[in-house]
Number of protein chains: 2
Amino acid sequence: MDASMTLIYCVSFFSVVIALAFAVYLHLWVKRQPVENRTIREVSALIKAGANTFMRKEYRILAIFAGVAAVLLFIFLPNPIWSQEFEAVRNLQMVVAYVAGTVLSAIAGKMGIIVATSSNGRSAEAAQKGIEPAFLIGFRGGAVMGLAVVGISLFGVAGVLMLFGDTTISLGFSFGASSLALFAKAGGGIFTKTADVSADLTGKVELGIPEDDPRNPAVIADNVGDNVGDVAGMGADLFDSNVAAMTSALVLATSLQAAGSQFADVAMVFMYAALGLISSIIGIATARIGKGGTPTKALNSSTYVTSGVFVVLTALATLIFRGFSWRIWGASTVGLVVGVIIGLTTDYFTDDSKPIVKKVAHASRSGSAFTVLSGVSYGFISALPAMIGIAVSALAAYKICEPVGPQYALFGIAMAAVGMLSIVGMIISNDAYGPIVDNARGLAEMGGLGEETIRIADELDSAGNTVKAVTKGFAIGAAGLTVISLLGAYMSEANVALEALGRDLITGFDIMNPVVFFGLLIGAAIPAVFSAMLILGVDKNAQRMVAEIHRQFREIRGLREGKPGVKPEYDRCIDIATSGALRELIPAGLMAIIATLLVGFIGGPLAIGGFLMGNIVSGLLLSLFMSNAGGLWDNSKKYVEAGNEGGKGSEAHKAAVVGDTVGDPFKDTAGPSINTQITVVSLVASLMSALFAAFSIFH
Amino acid sequence: MDASMTLIYCVSFFSVVIALAFAVYLHLWVKRQPVENRTIREVSALIKAGANTFMRKEYRILAIFAGVAAVLLFIFLPNPIWSQEFEAVRNLQMVVAYVAGTVLSAIAGKMGIIVATSSNGRSAEAAQKGIEPAFLIGFRGGAVMGLAVVGISLFGVAGVLMLFGDTTISLGFSFGASSLALFAKAGGGIFTKTADVSADLTGKVELGIPEDDPRNPAVIADNVGDNVGDVAGMGADLFDSNVAAMTSALVLATSLQAAGSQFADVAMVFMYAALGLISSIIGIATARIGKGGTPTKALNSSTYVTSGVFVVLTALATLIFRGFSWRIWGASTVGLVVGVIIGLTTDYFTDDSKPIVKKVAHASRSGSAFTVLSGVSYGFISALPAMIGIAVSALAAYKICEPVGPQYALFGIAMAAVGMLSIVGMIISNDAYGPIVDNARGLAEMGGLGEETIRIADELDSAGNTVKAVTKGFAIGAAGLTVISLLGAYMSEANVALEALGRDLITGFDIMNPVVFFGLLIGAAIPAVFSAMLILGVDKNAQRMVAEIHRQFREIRGLREGKPGVKPEYDRCIDIATSGALRELIPAGLMAIIATLLVGFIGGPLAIGGFLMGNIVSGLLLSLFMSNAGGLWDNSKKYVEAGNEGGKGSEAHKAAVVGDTVGDPFKDTAGPSINTQITVVSLVASLMSALFAAFSIFH
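Residues numbered from 1 in each chain as written. Chains lettered and ligands numbered in written order. Predicted model: local features only at pLDDT ≥ 70, side-chain atom pairs only at ≥ 80, totals over all residues. Heavy atoms only, no water.

## Focus on helix H15 (residues 514-555) of chain B
Argument step 1. Between its first and last C-alpha atoms H15 of chain B spans 62 Å; for 42 residues at 1.5 Å apiece the expected length is 62 Å, and the two agree.
Argument step 2. Between the side-chain oxygen at the start of H15 of chain B and the backbone nitrogen of Val 515 of chain B there is a gap of 2.9 Å, and the oxygen is on Asn 513 of chain B. (Helix = DSSP H or I, 4+ residues; strand = E, 2+ residues; numbered from the N terminus. Expected span 1.5 Å × (residues − 1). Polar contact = N/O pair within 3.5 Å; in protein donor to acceptor, adjacent residues only side chain to side chain.)

## A few points about the interface of chain A and chain B
Argument step 1. Contacts between chain A and chain B engage 68 residues on the former and 68 residues on the latter.
Argument step 2. It is Phe 380, Met 512 and Leu 521 of chain A in chain A that bury the most area against chain B; as a group they hold 11% of the surface buried on that side.
Argument step 3. Where chain A touches chain B, the interface holds 0 salt bridges.
Argument step 4. Applying the counting rule to chain A against chain B returns 4 residue pairs in polar contact (both at pLDDT 80 or more).
Argument step 5. At the level of secondary structure, the elements contributing two or more residues to the side of chain A that touches chain B comprise helix H5 (167-207), helix H11 (368-401), helix H12 (406-421), helix H14 (451-501), helix H15 (514-555), helix H16 (570-641) and helix H17 (651-695) of chain A.
Argument step 6. Per element, the largest residue contribution to the side of chain A that touches chain B is 21 residues, and it comes from H11 of chain A. (Contact = heavy atoms within 4.5 Å. Buried area = accessible area lost by both parts, 1.4 Å probe. Salt bridge = Lys/Arg side-chain N within 4 Å of Asp/Glu carboxyl O.)

## Here's the deal with unusual backbone geometry
The general pattern is negative phi for most residues beyond glycine and trans for most peptide bonds.
Argument step 1. The backbone phi angle of Glu 645 of chain A is positive, close to 50°, even though this residue is not glycine.
Argument step 2. As for its position among the elements, Glu 645 of chain A is in the loop between H16 and H17.

## Side note on the environment of Leu 182 of chain A
Residue and element names in this part refer to chain A.
Argument step 1. Structurally, Leu 182 is set in helix H5.
Argument step 2. In sequence terms Leu 182 and Ile 586 are 404 residues apart; their C-alpha atoms lie 9.2 Å from each other.
Argument step 3. Apart from the residues lying within four places of it in its own chain, the contact partners of Leu 182 are Gly 187, Phe 530, Leu 585, Gly 589, Thr 676 and Val 680.

## Some points on the pattern of salt bridges
Residues and elements named next belong to chain A.
Argument step 1. In total, this model carries 54 salt bridges over all chains according to the counting rule given.
Argument step 2. Two residues, Arg 441 and Glu 445, come together in a salt bridge whose shortest N-O distance is 3.0 Å. Of this pair, Arg 441 and Glu 445 both sit in helix H13 (residues 424-446), 4 residues apart, which is roughly one turn of that helix.
Argument step 3. On the basis of relative accessible area, Arg 441 is assigned to the buried category, the value being 18%. (Buried < 20%, exposed > 50% of the residue type's maximum accessible area, 1.4 Å probe, protein only.)

## Quick look at the side chain of Ser 650 of chain A
Argument step 1. For Ser 650 of chain A, the position within the fold is in the loop between H16 and H17.
Argument step 2. Here Ser 650 of chain A is in contact with Val 640 and Glu 645 of chain A, once residues within four sequence places are set aside.

## Observations regarding helix H4 (residues 131-164) of chain A
Residue and element names in this part refer to chain A.
Argument step 1. With 34 residues, H4 extends 49 Å from end C-alpha to end C-alpha; this agrees with the ideal 50 Å at 1.5 Å per step.
Argument step 2. For H4, the tally of buried residues reaches 27 of 34 residues, placing the bulk of the element in the interior.
Argument step 3. Two residues or fewer after H4 comes Gly 165, characterised by a positive phi angle close to 60°.

## Details of the relation of the copies chain A and chain B
Copies of the same chain, two in number, are related to each other by a rotation about an axis and a translation along it.
Argument step 1. With an axial shift of 0.0 Å and an RMSD of 0.0 Å, the rotation relating chain A to chain B amounts to 180°. The transformation relating the two chain copies, once decomposed into turn and shift, fits a two-fold axis. Among all residues of chain A, the minimum C-alpha distance to the rotation axis is found for Asp 510 of chain A, at 2.1 Å.
Argument step 2. Of the interface residues in chain A, 100% have counterparts in chain B that sit at the interface too, so the contact is made through matching surfaces. (Least-squares fit on C-alpha atoms with pLDDT ≥ 70 in both.)

## Side note on the packing of helix H2 (residues 38-76) of chain B against helix H16 (residues 570-641) of chain B
Residues and elements named next belong to chain B.
Argument step 1. Interaxial distance between H2 and H16 falls to 10 Å at its minimum, and their mutual angle equals 30°. By the angle class used here, H2 and H16 are roughly parallel. For the pair H2 and H16, the crossing hand works out as right-handed. Here Leu 46, Gly 50, Thr 53, Phe 54, Lys 57, Glu 58 and Ile 61 of H2 come into contact with H16, specifically with Tyr 570, Ile 574, Asp 575, Thr 578, Ser 579, Ala 581, Leu 582 and Ile 586.
Argument step 2. The residue makeup of the contact of H2 with H16, split by class, is 8 nonpolar, 4 polar and 3 charged. (Axes fitted to C-alpha atoms, helices over the stretch in contact; angles between N-to-C directions. Parallel < 35°, antiparallel > 145°, perpendicular 65-115°, else oblique. Left-handed = near helix turned anticlockwise from the far one by under 90°. Nonpolar A, V, L, I, M, F, W, Y, C, P; charged D, E, K, R; others polar.)

## Comments concerning the packing of aromatic side chains
Argument step 1. Counted under the stated rule, the structure contains 46 aromatic pairs over all chains.
Argument step 2. Geometrically, the ring pair formed by Tyr 490 of chain B and Phe 509 of chain B is stacked, given 6.2 Å between the ring centres and 25° between the ring planes. With Tyr 490 of chain B in helix H14 (residues 451-501) and Phe 509 of chain B in the loop between H14 and H15, this pair connects stretches of sequence that are 19 residues apart.
Argument step 3. With a relative accessible area of 0%, Tyr 490 of chain B lands in the buried category.
Argument step 4. A cation over a ring is seen here: Arg 140 of chain A above Trp 29 of chain A, with NZ or CZ 4.5 Å from the ring centre. (Phe/Tyr/Trp six-rings, centres within 6.5 Å; stacked < 30°, edge-to-face > 60°. Lys NZ or Arg CZ within 6 Å of the ring centre and 35° of its normal.)

Below you can see the structure in the form of structure tokens.
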């Protein structure tokens, strides 16, 4: 390892250490805050225990999955056991990297859950003193997750590359992170919506009891769901995106340097990631509501601070270090700016102070069919600006870097993704803030903290919802750019294999080539089928849970009447949500992986190029559609509940509730899981490229 | 013109003459059937008048649109007025071809409407005598439309090529047909669903009167809608697909022959089209219910007869004529077989004797949100087999023809589309049968023809619905293959322009090229936005009509009570549906065209390649999703109404009705209009390719 690489690893690890130290500091700060109300302590402990139950089961099943995957990886990758190129050490490295990817992501998720489940009650109590302290607890609790995810992901990527010095092995690490994300995001998504839908159906609709009534056997599962879906799930998803973006940039950077690049490409990747982490720390440290401010403004302004700091720091780095290209700085800045713009357009379609939410609420007056139709329509339209944004940022990043060469231009796109993801620490903080204050609101109600406290908790919660839409748009945009660079990484992997076989190298994927087209069409259908399977999974699982809730109300005497001392069996509901989520998730994940293998072994490496692109394009479209339509329906319902279009209890409200129920699995299960599906499939393709090249029916 | 071409034109025109003569014979046969019931005569006349009102308005607005387009075409195409290559005669030919495309398609649509609106009452009366005579009238009425569309489209394509001998001009003809299809299909789709939704909302839901109650001011508009949407609209859509398939095959065939092909490629295109027409005539002539048969079986078996005859006749032609390639026969047969398979899989997802419809009906027990969620999910899943089918048929057709050369292989794909569309005459007959017997059912009810007659009419209607799903799958599959060959046609047009400019020719569209990717992403978003605009259009328009219906019930005394002699003002509703449909349609159509121009002038010919492919892929996915989900919901509602899951009036029924209302604009407005949007955009791209090549920002 040369001196400059040593330096860059030092910088990376140093920033990781700072980030994790800051996370520990924030965690201790949160723990120091008081939580005295007995009910809140009890319920909070139940939520924590429930979340741990889910995560334990999830990690156990994941361990089996990862064990099987590890054996397969050892047998097949990077080179199959029977091939001449097989080296046991290298295949073992792949296994180690893969396992490290799953374990590190799991640790980050676990940390997030620990702090989130201890922040919720504290935030609720702090709300008695005012909005600022409650906000800070919620936000800093979320920030622990943000810093943990980004710090640990950078640690993992740098560590694996430093140890093994082989970017193909890095892909194994990334695949590990993706495997975990698939379980955490899709499984967590099914869990959370199973509980949410069942709790609403039996509680609000059938019995007419309030949302967080402790008589409802599903109420704890519902609160657990917010944590495992939005904290652990979203964290694993962005861990995965972040690792994938860095890894694909590294694959391209390494091949550029091997070809004698004039720039320090690998160093730039790490430096940008490290500076992103530093910027996030600064952004998190400066978050305050301040005088006359609102939580939404506080969250957004810290996002802008992080972005601004990142742009300045990377400019300084480019100025200081020889071998850092201004073009890459430009590409990365374009990525970041477009990310912010995508977030803002998402906001336009889902914020209830903007016209679209009002239109959908108004349509609800004519009945639920019109709520659905208008939400679907605006959901589709909302995908356009983000698609244009991704298209323009890819084109701009490419054109900025093209003068250096076409390979370099592709690297520019990868760095635009790194730029877009630079503020991911901040994004996760904002995102994890949501479920914490959502829980806090429920706890304030259950703990009987009084109307004013609930009002404050409500305000914090509503800011969480608004910001969530923005961060989701961001996450999808970043995933879009990442997978383009993964496609580049796939091509360079496939070419290594083709060269070894003495066949023609791939120079691109021509859509007029029917093999590419074949892959393209099938790839485009996969996200639709994947999300449909998840939605049906929620549906089936909710039916099981509703049956259990009915049983408890029937068999536990005094539960319905709220007799003191009578409690529902919360655990049973958590168990159902947990095992059902994992049972429904596996077929969907396998379907996507098997489709990739089939297309690869039928159509070969070219078909896979088309397959990945079809997957990206339709995946982006559908995940934007589903996430935005879901957010739109959710906020329309809230807008009606705030007294508009007839208010609570009106026909419009009933229709808006139907929209919200449809939107729930759209926005919290299927929509955001598509990201993960795309990454998993891209990585499977990259890892299998040598086998596809060797054994496919068509070429 | 050489002798062989003279011969082939003679064959084409001869088959056209036979088809049209047979259509006239069938029309006269239908007219000979008695219609004696006074109410039926009156209502039938109202429907006819309403349909004519819509078509007159539609054609008037279309005339303005076409006039503007004609002027623009003259100024810009094939070569702009200011360029050195400009020849006034050639640009004038383009205008003539364009106008001919619109006019011929309009004539075919008009013929269909005339016979459909005179078959409906006759079929109703014949149902008193039994199922066979009623079926024959419905089917033969539909067959007139089928034969007219296919006959006139072949006449137009052959005529334009014979007169001008220039396939670029043929694209103008195809563009004319597309313009009309856009108005007829999307406009008709908005019309029919506006009327349907408004009639249901005010009649069934608010007043609790039956579906076809003559007191409802929207009832005639609803019946008119079936005719203008499903007869004229679907006819124009398939006229368009058929012309586009033939034209793109001809563009490729001509360039192959110019390059010295060993085969009689142009002759094959015409021969296959002519034999498809002959096969359809045979299939239509043999359609009978027979002993122990059902209308569904009769419709399906005549489809199989047509397919079988076509395969045999084209094999014979290949045997007899020198210069006919067996490979092309293989490609065309693959296309046809896959078309039938796609139809059958569609049937699986939408037929109420199959499990999916039952599952959605069962989900309705838990409320309308679950009806919507399960329908959306199965709708997404249902797209997969058709996408695989299209992918496999394109790949197979290509591989079959590849040994001759890559250009020839592309021609193979075009001929697979021609093969899939060969039985289009039969498909349209089946499709137009639907609204005729649907109208007949309503007329039987209004005319008081008794329960047994209504039962027979119901059986005929239900067969229409089942067959409709199959034909829709077919139409989308054929459109998928057609646009691939249009992409080939676009490339060869763009290369002519690039060669003239002395620039590098396009050899393909590489998705790793960010200019292509830029187009791909934006192209993929367009069908989503287009369909959203149409759905919102139905929504807005229905609100206007509901207001008008409320006004009539308020102001016309005795209407609500059904006082004898008091009639609603049917015309006002028809007017609202008509002008609203055209008003809502134009922005959607312009949006798609303007997006094409923007992408073309920003990214140039390569970006347009990506744009078209993105458009095709997401367009296929969304139109399959929407058409199938809509059909699924419709049949689930009928399944519940047949007494399952609680039957009529149950909570499950209410939920199923919501699903059906959501599905209506999906399956009859947005879904099938996407086909047309794709074709229009592809043709705009081909026609503008020279301008894009000369004036784009990027290359």
